[in-house]
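Spelled out from the first residue to the last, the chains are:
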Amino acid sequence: MDYIKEFISKLHSLDTGQRGYDIFNDFLTLSTCSLAQPFYRNEDIELRYKYTISKYTKEQAEEFPKLLAFLVSAFEEEYQDFLGEVFMQLNLGNTRNGQFFTPYRVSKMMSSITGDHVKKYTGSDIMTLCEPCCGSGGMIIAFAEALMEQDINYQHCLYVEATDIDEMCYKMTYIQLSLLGIPAKVIWGDSLSMRYNEVLYTPFFFLGDFKQKIENRERINNLQEAVSEDTAINTGNQLKLFKFL
């Protein structure tokens, strides 16, 4: 089944008088709120959902969960940048800002290049991946797939920080990483100016207790740095003593 084709067809069937861009953006908002709210229990998220769904009739509103179901079914078949492909097929990219998403096959090839580095992973620590201009998250998904092909379960060991200046990209990344169980901090903001509008953590960040894992890692790193510093000081003192003798 061509889930992308069916998704786009279903999206077009929502004839509300709005642009396709607006309907797709509303789908992203509703899906983001639905995935985040069980973990955040936030009034602002709830109000955003209610405001967005209020634009549609009851019958139209019932189509949005079906759209999300297409995405879930597509991921069950294979790893892919589903929403990024929909985004490009709908011609929603901002060419002025250079919004041309990397085809997933290219992302997969690039991720496979990191294989030698990944083979060194011992399983005793968490891996971190930073994507400062994440688009729809295609590169992250490809890296997660590459890990699984090497029998490394990214749900337990991979922590991602993904940022994009475009709000739609931010929501696409959050939705896809959430559905694939990738522990991540997804940021809507500017990586260059370090100005951020909103941050959401994916469900597996909470389910995998990654807050504690990151704190443990930082604690170990700080301890190792302190030991290294003490060693360097002691070595320096021994050299001074040797010269004196």
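Residues numbered from 1 in each chain as written. Predicted model: local features only at pLDDT ≥ 70, side-chain atom pairs only at ≥ 80, totals over all residues. Heavy atoms only, no water.

Trainee: Any details on the overall build of the protein chain? Residues and values, ideally.
Mentor: What the protein chain contains, in helices and strands, is 13 helices and four strands. Counting all 245 residues of the protein chain, 42% fall into the buried class. The long-range share in the protein chain, meaning contacts at least 24 apart out of those at least 6 apart in sequence, stands at 71%. (Helix = DSSP H or I, 4+ residues; strand = E, 2+ residues; numbered from the N terminus. Buried < 20%, exposed > 50% of the residue type's maximum accessible area, 1.4 Å probe, protein only. Contact = heavy atoms within 4.5 Å.)

Trainee: Before we move on, could you go through the sheet that holds strand S1 (residues 127-131) and cite the residues and values that matter?
Mentor: Ordered in space as S1-S2-S3-S4, the four strands form an open sheet in which the pairing is mixed. The open sheet has two edge strands, S1 and strand S4 (195-201), and neither has a second partner. The sheet shows a mean angle of 15° between the axes of neighbouring strands, direction not considered. Taken together, the six bridges between strand S3 (residues 184-190) and S4 define a ladder with antiparallel strand orientation. Residue pairing across strands places Gly189 opposite Tyr196, the latter belonging to S4. The strands touched by helix H11 (residues 167-179) within the sheet are strand S2 (158-164), S3 and S4, with S3 carrying the most contacts at an inclination of about 175°. (Pairing = 2+ DSSP bridges. Axes fitted to C-alpha atoms, helices over the stretch in contact; angles between N-to-C directions.)

Trainee: Describe the confidence of the model for the protein chain, naming the residues involved and giving the relevant values.
Mentor: Any region with low pLDDT has predicted coordinates that should not be read closely. Predicted confidence across the protein chain gives a mean pLDDT of 88, with 87% of residues reaching 70 or more. Taken element by element, the protein chain is modelled with least confidence in helix H8 (residues 115-118), mean pLDDT 61, and with most confidence in S3, mean pLDDT 98. (pLDDT = per-residue confidence, 0-100.)

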